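Residues per chain, in single letters:
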Amino acid sequence: MARRCQVFTPGPQPASAPSLHLLHLDALSPLLRSPLAGSGPDLCYPLLLNASCRLSLQPRFTASLLYTLTFSLALLTVLLNLLLIVSIAHFRQLHTPTNLTLLSLAGSDLLIGLVVVPLEAQYYISSCWFLGPWLCYAYYMLSYVLTSASVASILLISLDRYLAVCQPLRYTSEVTVGRVQLAVGLCWSCAVVYNGSLVVVNVREQRRRGGSCRGECVALVDGPAGWVELLVTFLAPISTVVALYLQVFGAALFQARKMRSSRTAARRSELKAALRLGVVVVVFLLCYFPALGFMSQDASEDSAAWSWGVWLLYLNSCLNPLMYALFYPWFRRTIRLIVTLQILKPNSSRASVLH
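A brief structural summary. (Residues numbered from 1 in each chain as written. Predicted model: local features only at pLDDT ≥ 70, side-chain atom pairs only at ≥ 80, totals over all residues. Heavy atoms only, no water.)

The next point concerns the overall build of the protein chain. Scanning the protein chain from N- to C-terminus turns up nine helices and zero strands. N-terminal to C-terminal, the α/β element order of the protein chain is α-α-α-α-α-α-α-α-α. The long-range fraction of contacts in the protein chain, counting pairs at least 24 apart against all pairs at least 6 apart in sequence, stands at 79%. On the protein chain, roughly 17,300 Å² of surface is accessible, and the fraction owed to carbon and sulfur atoms is 69%. (Helix = DSSP H or I, 4+ residues; strand = E, 2+ residues; numbered from the N terminus. Contact = heavy atoms within 4.5 Å. Areas by Shrake-Rupley, 256 points an atom, 1.4 Å probe, with all protein chains shown as cover.)

Once that is clear, we can look at a nonpolar patch on the surface. Together, Tyr194, Val228, Leu231, Val232 and Leu235 give the surface a local cluster of nonpolar side chains, amounting to about 420 Å² of exposed area. Looking at which element gives the most residues to the nonpolar patch, the answer is helix H6 (residues 224–258), with four residues. When you line up the elements, Leu235 lands in helix H6. Using a relative accessible area of 36% as the deciding quantity, one classes Leu235 as partly exposed. (Patch = residues over 30% accessible without salt bridge, like charges linked within 9 Å, V, L, I, M, F, W, Y side chains within 5 Å. Salt bridge = Lys/Arg side-chain N within 4 Å of Asp/Glu carboxyl O. Buried < 20%, exposed > 50% of the residue type's maximum accessible area, 1.4 Å probe, protein only.)

Attention shifts here to the side chain of Ser348. Tracing the chain through its elements places Ser348 in the segment after helix H9 (329–339). Filtering out sequence-adjacent residues up to four positions away, Ser348 remains in contact with His90, Phe91, Gln342 and Ile343.

The next point concerns the packing of aromatic side chains. A full pass over the atoms with the stated rule returns 12 aromatic pairs. Residues Tyr140 and Tyr144 carry aromatic rings whose centres are separated by 6.2 Å and whose planes lie at 85° to one another, so their mutual orientation is edge-to-face. Remark: Tyr144 and Tyr140 occur in helix H3 (residues 133–166); sequence separation between them is four residues, near one turn of the helix. The burial state of Tyr140 is the same as that of Tyr144; both residues are buried. Joined through ring pairs, the aromatic side chains of Tyr123, Trp129, Tyr139, Tyr140 and Tyr144 make up one cluster. One residue, Arg214, lies across the ring of Tyr45, its end atom 4.9 Å from the ring centre. (Phe/Tyr/Trp six-rings, centres within 6.5 Å; stacked < 30°, edge-to-face > 60°. Lys NZ or Arg CZ within 6 Å of the ring centre and 35° of its normal.)

To continue, consider the state of the cysteines. Tallied over the full model, the rule gives two disulfides. Bridging Cys44 to Cys128, the disulfide has an S-S length of 1.7 Å. Sign of the S-S torsion, about -75° for the bond between Cys44 and Cys128, identifies this disulfide as left-handed. Here Cys44, found in the segment before helix H1 (60–90), pairs with Cys128, found in the loop between helix H2 (97–126) and H3; they are 84 residues apart in sequence, far enough to count as distant. Exposure class is identical for Cys44 and Cys128. Each is buried. (Disulfide = S-S within 2.5 Å.)

Summed over the entire model, instances satisfying the criterion amount to three salt bridges. We note a salt bridge from Glu174 to Arg170, for which the minimum N-O separation is 3.0 Å. Highlighted residues: Glu174 and Arg170, both in helix H4 (residues 168–174), separated by four residues, approximately one helical turn. You can call Arg170 partly exposed: its relative accessible area is 41%.

Looking only at H9, the buried set comprises Trp330, Phe331, Thr334, Ile335, Leu337 and Ile338. For H9, the buried positions fall inside an angular range of 165° around the axis, keeping them on one side. Turned more than 90 degrees off the buried face of H9, the exposed positions are Arg336 and Val339. Taken from the residues just after H9, Leu341 is the one with a positive phi, measuring 65°. (Arc of directions from axis to C-beta.)

One finds Tyr324 and Phe331 to be the most contacted residues of the largest nonpolar core, which totals 47 residues. Put simply, the parts of the chain that give this core at least two residues each are H1, H2, H3, helix H5 (177–209), H6, helix H7 (265–295), helix H8 (303–327) and H9. Excluding residues that lie within four positions of it along the chain, Tyr324 makes contacts with Leu84, Leu102, Leu105, Val280 and Phe331. Counting residues in hydrophobic clusters, the runner-up holds 28 residues, among them Ile112, Ala121, Tyr139 and Val310. (Core = buried A, V, L, I, M, F, W, Y, C linked by side-chain atoms within 4.5 Å.)

Take the environment of Asn320 next. Among the structural elements, Asn320 can be located in helix H8. Classification of Asn320 by relative accessible area gives buried; the value is 0%. Expressed as a C-alpha distance, the spacing of Asn320 and Ala106, which sit 214 residues apart in the sequence, is 8.0 Å.

Here it is, written out as structure tokens:
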């Protein structure tokens, strides 16, 4: 779920040289680089000697290993999130407000594994974009939208658990499937409108500046606009998530001491659900906070830090469904039903998967 939003002011560079902004996707250690990289006709477009970006020539073993790792990550991310989406969409017992927020997160994670990770891997390894400028802009817009949607989904999950644990009466009466669907749709719509506008403005600014080389694919949000972007799409929502879950954990510890009778079974179930989703939120934060630290570096000076941040965000998209499989027995049951094709039977959507 990477967002290439970096805060620095680019310096002038000759039209014939590759932009330094390109370095944030080429963060391999110098030890792994081919000795031939950067010499001779190693260009993205060899016929455009004065306009092409340089091709990063990796040793065959290194390139094969990187492609294997990145595409394995993409495949695992797609398969696991697809299983989660089918589970929640098919089985009626799982049509709850909380699971709708999980469905939103799984949708963004699925698209990251299906589209963003393969394209990022190709660009990461070769440092060349061969799909043209318009697909580059579309790629960045999709990446930006999915990042915002993922953060918004985590925020909705945290708000859902906060209301369920800290304000149970309000949660029962006010949090419905219809309202959660509306909230999810609003989050995705805002992500599309906001990030679409951001990319359009950025494209115009980049065209005005010029100086890029053929084979480059970057979309920068720098200067004061970069700090505003970082605040609006990362720091503010993530700070809200932390604040909400601190209250959830505090309430859970307080109520755990009061649970002594069988009448508290429902409350105990809510607390367990909150703590399980708390693990998802904590892992999300453990991936995002270091990523923000890495990505706050000037990409032209510390490209390795930037790439570590980017791939840490993508790893989170794969970890989410793995944690559901670990902590939720219903997900393991639905996987078994899906893999054995039992969901094709009549009335399989009414099957009991919670107990």
